[in-house]
Amino acid sequence: MVDQSEAVISAPEMAAIEAARAEGRIIELLPLAAIDAEHLVRDRLAQDEDEMEALMASLRKRGQQMPIEVVALPRPGPNGETHGLVSGWRRLTALRRLTEEAGDPAFATARALVVTPDTAQDAYLAMVEENEIRVNLSHYERARVARKAMQEGVFPNQRAALQGLFGNATRSKRSKIGTFILLVESFDDVLRFPSAISEKLGLALARELVRDPGLSTEIRTALAEHAPDTALAEMRLLAAIVAARADRATHPEEPTEPRPVKAPRSAAVTRISDGLEMRFDARRGRIELSGAEATEDLVEALRGWLSERTASAERQRP
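All residue numbers here refer to positions counted from 1 along the written sequence of the relevant chain. Restriction of local features to residues with pLDDT of at least 70 applies here, the model being predicted, together with a cutoff of 80 or more for giving and counting side-chain atom pairs; totals for whole chains, interfaces and linings are based on all residues. Neither water nor hydrogens contribute to the side-chain values; these are computed over all heavy atoms in the structure.

This paragraph deals with the overall build of the protein chain. Secondary structure is summarised from DSSP: a helix means a run of H or I of at least four residues, a strand means a run of E of at least two, and numbering begins at the N terminus for each. Counting its secondary structure elements, the protein chain contains 11 helices and eight strands. Each residue's exposure class comes from its accessible area (1.4 Å probe, protein chains only) as a fraction of the maximum for that residue type: buried when under 20%, exposed when over 50%, partly exposed otherwise. Evaluated residue by residue, the protein chain yields a buried proportion of 35% over its 318 residues. Whether two residues touch is decided by their heavy atoms; if any such pair falls within 4.5 Å, the residues are in contact. By sequence separation, contacts in the protein chain at least 24 residues apart represent 67% of the contacts at least 6 residues apart. When the accessible surface of the protein chain is summed, it comes to about 19000 Å², and 53% of that surface belongs to carbon and sulfur atoms. For accessible areas, the Shrake-Rupley method is used with a probe of radius 1.4 Å. Any residue's cover is judged against the shown protein chains and nothing else.

As structure tokens, this is what we get:
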């Protein structure tokens, strides 16, 4: 007769196991179907096929060496999912493709650490940090995840999202990511290869959008008409539009009728506070801020406000 007591786990042992599981120190085998890959808004927009093939080859040869990270869902998902993916999207995708292609049950489960982030902010940060280390994100992808996190109420505003997700980046880099948020708001539903937008092209696009919100309609129309099917074609189209705008600004067309000459107006000075003055020159179309409070933080705050204002104006267009 087998002594069944040998298989019984004591209360202290069970408590230790549960504590280790809560701290993410136990690797569990989870069915792929039990994992919701879209639990968080993914920050990777495109997956290099060569990299995916290399990862699948490694999994075939060595199996899954690095566990993914998941959280237990408070209630089952629409398809019975019990866990939500936090990090490891590429590994999970590769395992699912291997299962579909080979039908091998060896790939039907994933090795996973079940973690318990203190907040949703921590979960988003874990996802971003993994991809920043493994596959450097584009500015557009960084901006997209920041905007989605704001939409879901994870962060109260743009500045908090940028600081929370990219706190280790320089202030200049965070500022550029914030500028790209305007592109996400304007074109996320129509661009096919947004992660290919370079820093230079993205900043130029954002600058033109702030200058003329109507550019959004022009770009959306051009994308619909030309339907570029490669990243290179899409980038060339965007660059051509920006170049045409810059050319028109440098060489404006001669008016067909003489315009009335307006008397020059001197710049009006408004004192905002003891450390900040604003000068508005209507004739030259210029606003200047000066004083001790004219800092990079103020510039970043103004850029965020202008981006939100432009996006709001675009949404209100008929």
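With that out of the way, let us pick up the sheet that holds strand β2 (residues 35-36). If you walk across this open sheet you meet the five strands as β1-β5-β3-β4-β2, and the pairing is mixed. One side of each edge strand has no neighbouring strand; the edge strands of this open sheet are β1 (27-31) and β2. A pair of strands is considered paired only if DSSP assigns at least 2 bridges between the two. Sheet topology places β1 next to strand β5 (residues 109-114); five bridges connect them, and they run antiparallel. Bridge pairing in β5 links Leu30 to Ala110. Between N-to-C directions, angles span 0 to 180 degrees; the directions come from axes that are lines fitted to C-alpha atoms, helices contributing only their stretch in contact. Against the sheet, helix α3 (residues 89-102) engages β2, β3 (68-72), β4 (83-87) and β5, with an angle of about 125 degrees to β4.

Salt bridges, as used here, are contacts in which a Lys or Arg side-chain nitrogen is within 4 Å of a carboxyl oxygen on Asp or Glu. Counted under the stated rule, the structure contains 13 salt bridges. Note that Arg159 is salt-bridged to Asp297, the shortest N-O span being 3.6 Å. With Arg159 in helix α6 (residues 158-165) and Asp297 in helix α11 (residues 296-315), the pair connects residues that are 138 residues apart, well separated along the chain. Ionic pairing is found between Arg220 and Asp189, a salt bridge with its closest N-O pair at 2.8 Å. Of the two residues, Arg220 sits in helix α9 (residues 215-226) while Asp189 sits in the loop between α7 (171-187) and α8 (199-211), which places them 31 residues apart along the sequence. Taken together, the shared-partner salt bridges connect Arg159, Arg171, Glu296 and Asp297 into one network.

What follows concerns the side chain of Gln64. Note on placement: Gln64 falls in the loop between α2 (49-62) and β3. Residue class for Gln64 comes out buried when judged on its relative accessible area of 11%. Polar contact criterion, stated in full: a pair of N or O atoms within 3.5 Å, where within protein one must be able to donate a hydrogen and the other to accept it, and residues adjacent in sequence count only if both atoms are side-chain atoms. Of the polar contacts made by the side chain of Gln64, one reaches the backbone oxygen of Met66; its length is 3.1 Å. Non-local contacts of Gln64, meaning those with residues more than four positions away in its chain, are made with Leu59, Leu95, Thr109, Ala110 and Arg111.

Our next topic: the nonpolar core. Inside soluble globular proteins, nonpolar side chains tend to come together where they are buried. What we call a nonpolar core is a set of buried Ala, Val, Leu, Ile, Met, Phe, Trp, Tyr and Cys residues that are connected through their side-chain atoms within 4.5 Å. One finds Leu183, Ile197, Ile219 and Leu238 to be the most contacted residues of the largest nonpolar core, which totals 35 residues. For this core, the elements supplying multiple residues, two or more each, are α5 (139-151), α6, α7, α8, α9 and α10 (231-250). When sequence neighbours within four positions are dropped, the list of residues in contact with Ile197 reads Tyr140, Phe180, Leu191, Gly202, Met235 and Leu238. By size, the runner-up hydrophobic cluster in this structure holds 19 residues, among which are Leu55, Leu59, Leu92 and Leu95.

Take the packing of α2 against α3 next. One can describe the packing of α2 onto α3 by two numbers: an axis separation of 9 Å at closest approach and a directional angle of 70 degrees. In this view, α2 runs roughly perpendicular relative to α3, as classed from their interaxial angle. On α3, the residues touching Glu49, Glu51, Met52, Glu53, Leu55, Met56, Leu59 and Arg60 of α2 are Arg90, Arg91, Thr93, Ala94, Leu95, Arg97, Leu98 and Glu101. For the contact of α2 with α3, the residue count by class is seven nonpolar, one polar and eight charged. Angle categories: roughly parallel below 35 degrees, roughly antiparallel above 145, roughly perpendicular from 65 to 115, and oblique for all the rest. Basically, the charged four are Asp, Glu, Lys and Arg, the nonpolar ten are Ala, Val, Leu, Ile, Met, Phe, Trp, Tyr, Cys and Pro, and anything else, Gly included, counts as polar.

Detailed reading of the predicted model is not advised wherever pLDDT is low. Predictor confidence is given residue by residue as pLDDT, running from a minimum of 0 to a maximum of 100. On average, residues of the protein chain carry a pLDDT of 79, and 75% of them reach 70 or more. Here residues 1-5 is modelled with pLDDT under 50, and outside its nearest four sequence neighbours on either side it reaches zero contacts, counting other chains as well.

Now for the environment of Glu28. Its place among the elements puts Glu28 in strand β1. Overall, the relative accessible area of 19% leaves Glu28 in the buried class. Measuring from C-alpha to C-alpha, the distance between Glu28 and Pro67 comes to 8.9 Å, with 39 residues separating the pair along the chain.

Along the chain, Arg174 turns up in helix α7. At 4.9 Å, Glu300 is the nearest oppositely charged side chain to Arg174, a buried residue that forms no salt bridge. A distance of 2.7 Å separates a polar atom in the side chain of Arg174 from the backbone oxygen of Ala169. Once you skip the residues sitting within four places of it in the chain, Arg174 turns out to touch Leu162, Gln163, Phe166, Gly167 and Ala169. Note that His is not counted, nor are the chain ends; the positive residues are Lys and Arg, and the negative ones are Asp and Glu.

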